[in-house]
Amino acid sequence: MNKSTLALAVAVGVLAQQAGAAGFIEDSKASVSSRTYYFDADNREGAKIPANRQREAAQGLKFDFLSGYTQGPVGFGFDAQALVGIHLDGGKGHHPDNNTFSPSDSDGSATDEWSRVAGNVKARFSKTEAHLGGALQPNMPILIANDSRVLPQTFEGGTITSKEIDNVTFNVGQLEHAVGRASTNSTGLAVAGGTEESNQFRYAGADWKVTKDLLLQYYYANLENYYTQNFLGLVHVYPIAANQSFKTDLRYFDSGSDGKNGDAGYRFNNNNGYAKNLGEVDNQTWSATFTYTLGGSAFLLGHQRVSDDGGFVFLNQGNVVDGNGRNEGAGGASFYSFTDATVGSFIRAGENTTYGQYSYDFASLGVPGLKASAAYLYGQDIKATNGVGKDLNERETDLRVDYVIQTGMLKGFGTTLRHGMYRGNTSTADQDQTRVIFNYTYSFM
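Remember, predicted model here, so these are calculated numbers, not experimental data.

## Things to note about unusual backbone geometry
Consideration 1: Although it is not a glycine, Ser-126 sits at a positive phi angle of roughly 55 degrees.
Consideration 2: Take Ser-126: it is sitting in the loop between strand 4 (113-125) and strand 5 (128-136).
Consideration 3: With relative accessibility at 47%, the residue Ser-126 sits in the partly exposed group.
Consideration 4: Located in the positive-phi region is Asn-225, a residue other than glycine, with phi close to 70 degrees.

Laid out in structure tokens, this is it:
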């Protein structure tokens with residue numbers, strides 16, 4: 001039994017003695033969420049990826065219970081989560097054995113269903129909350145739990161969030177394991193290309209709301225034996241009129257090697273791009289994004305620059321293997337950048353990416369719940385993997401429509417249609433990707 005599991009068991013025992021206290025039950029919330037997902041990825045150059053056409057569908061069910069807190073100077077509570085994924089008939093023979101959408105059986109075919117159960121104990125003192133367990137879903141610049149498929153990615157560890165100082169939120173924590181969005185297995189942590197597990201991802205940071213229109217952020221993260229990372233962020237919204245505003249979003253990441261990074265098993269693949277020192281993390285990435293909003297329209301324009309010595313790094317367990325050398329299925333990760341697009345990432349060494357997006361909220365035309373957007377990204381100056389020769393480029397067009405029913409028995413039922421078209425001369429295959437998603441959450445507490 002590891003330290004986190006032991007601590008969780010002890011805390012649950014203590015909590016059980018206080019569960020009858022006022023607040024624990026009265027403030028509890030419970031819900032069931034349903035997600036039906038169709039995924040179609042047509043690789044235009046099949047030689048680069050064995051499965052030329054991936055077509056899959058699945059049904060996800062998620063139960064969440066969030067307790068209130070017991071009475072007293074220190075309140076205690078418990079959160080539980082149960083997840084079930086069911087593979088549907090999305091096209092037989094079109095499931096690649098990579099565990100990115102749904103898990104694979106031993107023969108490489110899609111498994112019929114997969115499930116997992118996890119929970120967190122929690123404590124609250126004044127304006128400070130602590131969570132310990134295996135159902136953590138962090139959302140910070142240095143780590144974002146991925147929720148872009150049927151079931152969400154979850155993490156195991158401990159986190160503390162404090163708001164004792166007005167307008168400042170402090171976040172600290174240590175994470176030890178993760179469960180992938182298409183997996184039931186808990187694995188250690190790594191980066192893309194790393195096959196060895198790290199059981200220590202530590203972070204600390206703060207969000208400072210300087211004014212109602214200005215947010216400043218700083219975060220530090222360290223994945224033992226892989227990388228360290230510093231983040232600085234600024235978000236400012238300038239209100240022009242009642243229905244007009246101009247938003248500025250500035251981000252800077254500085255990442256470097258840690259411990260065994262670069263050794264066999266601890267190598268970073270630099271997003272299949274160039275690295276000054278093979279397998280090592282060495283990167284600075286900045287971006288500036290500006291959004292002008294007028295009524296229901298929003299016009300976004302931005303630029304991102306990745307340094308020449310190596311690609312952008314983020315937590316990604318996709319290459320972790322078990323004792324038999326089989327992929328654990330922990331692939332699928334998100335990172336804090338506008339260029340985390342439908343198909344591509346645009347974060348290779350040397351890459352300069354210019355991107356734009358137009359979005360419209362049809363509530364301005366009397367159709368609340370309906371939104372649409374179109375985005376275009378163009379990345380150039382990508383360093384060739386050997387550091388010599390012609391620089392590479394890539395581009396992507398993304399289209400998206402969302403609609404959420406506002407009234408009636410199906411209030412809250414949401415539909416999302418996404419389509420991405422990626423082209424380039426990098427190691428990523430040209431691809432057309434379509435996603436159709438239906439979401440519904442029913443709260444009964």
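## Observations regarding the nonpolar core
Consideration 1: By size, the foremost hydrophobic cluster in this structure holds 32 residues, and its most contacted members are Ile-142, Phe-155, Phe-201 and Tyr-227.
Consideration 2: When contributions to this core are tallied by element, the ones reaching two or more residues are strand 9 (168-179), strand 11 (201-211), strand 12 (214-223) and strand 13 (227-241).
Consideration 3: Sorting elements by how many residues they give to this core places strand 12 first, with three residues.
Consideration 4: Leaving out residues up to four positions away in the same chain, Ile-142 has contacts with Phe-201, Tyr-203, Tyr-219, Ala-221, Gln-229 and Phe-231.

## Thoughts on the packing of aromatic side chains
Consideration 1: Scanning the entire structure with this criterion turns up 20 aromatic pairs.
Consideration 2: Centre to centre, the rings of Phe-63 and Phe-444 are 6.3 Å apart; their planes meet at 20 degrees, and the pair counts as stacked. On the criterion of sequence distance, the pair formed by Phe-63 in strand 2 (residues 53-66) and Phe-444 in the segment after strand 21 (431-443) is long-range, its members being 381 residues apart.
Consideration 3: Judged by its relative accessible area of 31%, Phe-63 is partly exposed.
Consideration 4: With relative accessibility at 42%, the residue Phe-444 sits in the partly exposed group.
Consideration 5: Every member of this aromatic cluster is reached through a ring pair, and the members are Phe-231, Phe-253, Phe-312, Phe-314, Phe-335 and Tyr-336.
Consideration 6: Above the plane of the ring of Tyr-69 lies Lys-122, whose end atom (NZ or CZ) is 5.0 Å from the centre.
Consideration 7: Cation over ring: Lys-383 sits above Tyr-274, and NZ or CZ is 4.9 Å from the ring centre.

## Observations regarding the environment of Lys-209
Consideration 1: Along the chain, the position of Lys-209 falls in strand 11.
Consideration 2: Each residue touching Lys-209, except ones within four places of it in the same chain, is listed here: Asn-167, Leu-214 and Leu-215.
Consideration 3: At a separation of 3.4 Å, a polar atom in the side chain of Lys-209 contacts the main-chain carbonyl oxygen of Lys-212.

## Describing a negative patch on the surface
Consideration 1: Residues Asp-105, Asp-107, Asp-112 and Glu-113 make up a contiguous surface patch of negative charge.
Consideration 2: Locating Asp-107 in the fold gives a position in the loop between strand 3 (74-88) and strand 4.

## Comments concerning the environment of Val-74
Consideration 1: Positionally, Val-74 belongs in strand 3.
Consideration 2: Along the backbone, Val-74 and Gly-273 are 199 residues apart, and their C-alpha atoms lie at a distance of 50 Å.
Consideration 3: If sequence neighbours within four positions are ignored, Val-74 has contacts with Ala-123, Arg-124 and Phe-125.

## A look at the pattern of salt bridges
Consideration 1: Evaluation of the coordinates by the stated rule reveals 12 salt bridges.
Consideration 2: In this structure, Asp-213 engages Lys-212 in a salt bridge whose closest nitrogen and oxygen atoms are separated by 3.3 Å.
Consideration 3: We classify Lys-212 as exposed; its relative accessible area is 66%.
Consideration 4: The network of salt bridges with common partners includes Asp-40, Asp-42 and Arg-53.

## Observations regarding the pairing of strand 15 (residues 282-294)
Consideration 1: Bridging between strand 14 (residues 244-257) and strand 15 involves 13 bridges; their strand directions are antiparallel. Bridge pairing links Leu-250 to Ala-288 in strand 15.
Consideration 2: In this structure, strand 15 lies alongside strand 16 (residues 297-306), joined through 10 bridges in antiparallel fashion. Note that in strand 16 the partner of Thr-285 across the bridge is Val-306.
Consideration 3: Remark: two residues form the turn of the hairpin made by strand 15 and strand 16, two consecutive strands paired antiparallel; Gly-295 in that turn has positive phi of roughly 60 degrees.

## Some words on the pairing of strand 12
Consideration 1: Alignment of strand 11 against strand 12, held across 10 bridges, turns out to be antiparallel. Opposite Thr-211, over in strand 12, you have Leu-214 as the bridge partner.
Consideration 2: Hairpin connection, strand 11 to strand 12: the antiparallel pair is bridged by two residues.
Consideration 3: Bridge count for strand 12 against strand 13 is 10 bridges, and the pairing is antiparallel. Bridge assignment links Tyr-218 to a residue of strand 13, and that residue is Leu-232.
Consideration 4: Hairpin connection from strand 12 to strand 13: three residues lie between these consecutive antiparallel strands, with Asn-225 at a positive phi of about 70 degrees.

Criteria and thresholds
Residues numbered from 1 in each chain as written. Predicted model: local features only at pLDDT ≥ 70, side-chain atom pairs only at ≥ 80, totals over all residues. Heavy atoms only, no water. Helix = DSSP H or I, 4+ residues; strand = E, 2+ residues; numbered from the N terminus. Buried < 20%, exposed > 50% of the residue type's maximum accessible area, 1.4 Å probe, protein only. Core = buried A, V, L, I, M, F, W, Y, C linked by side-chain atoms within 4.5 Å. Contact = heavy atoms within 4.5 Å. Phe/Tyr/Trp six-rings, centres within 6.5 Å; stacked < 30°, edge-to-face > 60°. Lys NZ or Arg CZ within 6 Å of the ring centre and 35° of its normal. Polar contact = N/O pair within 3.5 Å; in protein donor to acceptor, adjacent residues only side chain to side chain. Patch = residues over 30% accessible without salt bridge, like charges linked within 9 Å, V, L, I, M, F, W, Y side chains within 5 Å. Areas by Shrake-Rupley, 256 points an atom, 1.4 Å probe, with all protein chains shown as cover. Salt bridge = Lys/Arg side-chain N within 4 Å of Asp/Glu carboxyl O. Lys, Arg positive; Asp, Glu negative; His and termini not counted. Charge placed at Lys NZ, Arg CZ, Asp CG, Glu CD. Pairing = 2+ DSSP bridges.

Honestly, it's all geometry; don't read function into it.
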